[in-house]
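Structure assessment
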Amino acid sequence: MPGRLFFLPMTLGLASIVGCALDKEERVAQTGMEEEKSRKADSAKPAPPPTIMSDTHIAAGKMLEKQGDLTGAIAQYERAIASSPRAAVGYNRLGIVYQKLGRFADAENIFRQGAGADPTSAALLNNLGYCYQAQKRLPEAEQAYRDALVRSQDFQRARMNLAIVLAQLGRLEESVIEFSRVVAADAAHYNVAMVCLQKRDYAGAEHSLREALAINPNCPGAEGQLRRVAHLAAATSPEPSEAPPPPVGPLAGEPETVKRTDAP
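First, a word on what this report is: a plain description of the structure on this page.

Structurally, the position occupied by R137 is in the loop between α6 (122–134) and α7 (138–151). Overall, R137 belongs to the partly exposed group, its relative accessible area being 24%. With residues near it in sequence (within four places) discarded, R137 still touches E108 and Y132.

Next up on the list: the side chain of R159. Along the chain, the position of R159 falls in helix α8 (residues 156–168). Exposure remark for R159: the relative accessible area of 12% places this residue in the buried category. Ignoring anything within four residues of it in the chain, the contact list for R159 reads L149, Q153, E178, R181 and V182.

On to the packing of helix α3 (residues 70–83) against helix α4 (residues 88–100). Relative orientation of the contacting elements α3 and α4 amounts to 155°, with a least axis distance of 8 Å. Classed by the angle they form, the pair α3 and α4 counts as roughly antiparallel. Considering how the two elements wind past one another, α3 and α4 form a crossing that is left-handed. Residue-level contacts link L70, I74, Y77, E78 and I81 of α3 to G90, Y91, R93, L94, V97, Y98 and K100 of α4. Residue classes in the contact of α3 with α4 are distributed as 8 nonpolar, 1 polar and 3 charged.

At their nearest, the axes of α4 and helix α5 (residues 104–117) sit 8 Å apart, and the two run at 170° to each other. Judged by the angle between their axes, α4 and α5 are roughly antiparallel. In this structure, α4 uses Y91, N92, L94, G95, I96, Y98 and Q99 to contact α5, whose residues at the interface are F104, D106, A107, I110, F111, Q113, G114 and A117. The class makeup of the residues in the contact of α4 with α5 is 9 nonpolar, 5 polar and 1 charged.

Thresholds, definitions, all that
- Residues numbered from 1 in each chain as written.
- Predicted model: local features only at pLDDT ≥ 70, side-chain atom pairs only at ≥ 80, totals over all residues.
- Heavy atoms only, no water.
- Helix = DSSP H or I, 4+ residues; strand = E, 2+ residues; numbered from the N terminus.
- Buried < 20%, exposed > 50% of the residue type's maximum accessible area, 1.4 Å probe, protein only.
- Contact = heavy atoms within 4.5 Å.
- Axes fitted to C-alpha atoms, helices over the stretch in contact; angles between N-to-C directions.
- Parallel < 35°, antiparallel > 145°, perpendicular 65-115°, else oblique.
- Left-handed = near helix turned anticlockwise from the far one by under 90°.
- Nonpolar A, V, L, I, M, F, W, Y, C, P; charged D, E, K, R; others polar.

This is how it looks when you write it as structure tokens:
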């Protein structure tokens with residue numbers, strides 16, 4: 001009898017251990033089945049679309065611009081801005097396309113947005129100035145160019161644009177000063193003369209050309225333009241002409257892209 005009493009607890013203990021082991025195996029198996037179901041469910045889901053970098057949208061937009069698809073280019077530049085809202089390039093390109101379409105209000109808005117998003121970009125303010133200038137809003141253009149030069153004093157394109165606007169406003173001496181920060185003194189007067197010629201201000205053009213020749217008798221193109229101004233002034237009728245202004249060649253020392261707004 002004592003022996004039986006000794007073995008009974010042992011038997012109950014083994015049954016308890018085996019039961020615990022079986023419960024653990026069942027839990028592990030159940031967990032494995034749930035994980036397998038989860039993997040299968042995940043594999044059945046569509047993969048998330050790949051992230052497209054802003055530079056890719058910019059490249060696509062430029063390609064569409066070259067192809068003449070400005071609507072498609074706008075969509076790409078908008079996506080570039082959404083991808084990199086602090087990068088100036090998307091705003092610049094989008095604003096330029098709006099200008100090509102004559103949508104100056106949209107261009108002005110996007111250039112201003114970009115200038116706020118990237119406070120280091122002088123190109124955005126330069127392009128804003130060009131937007132105003134294209135609409136003959138010259139005082140606003142002047143201010144935008146000056147703002148661009150606050151951000152980048154060595155920005156020659158903005159400096160040339162400012163000088164052009166000052167000459168268009170009739171502030172010829174100020175225009176000469178700004179031109180002289182980019183080109184030689186004789187070339188500065190020559191450039192003012194070219195702007196005056198575009199305005200049909202033949203007196204201003206003649207004066208500026210003579211100033212250029214006084215500084216440099218060999219100022220390139222000045223003698224020929226002086227003869228041209230004299231001819232145009234003599235041929236001008238007393239009444240305002242509806243004909244377009246005479247074409248003017250490139251300014252002396254002009255950056256290749258000063259009259260375009262293709263800043264990066």
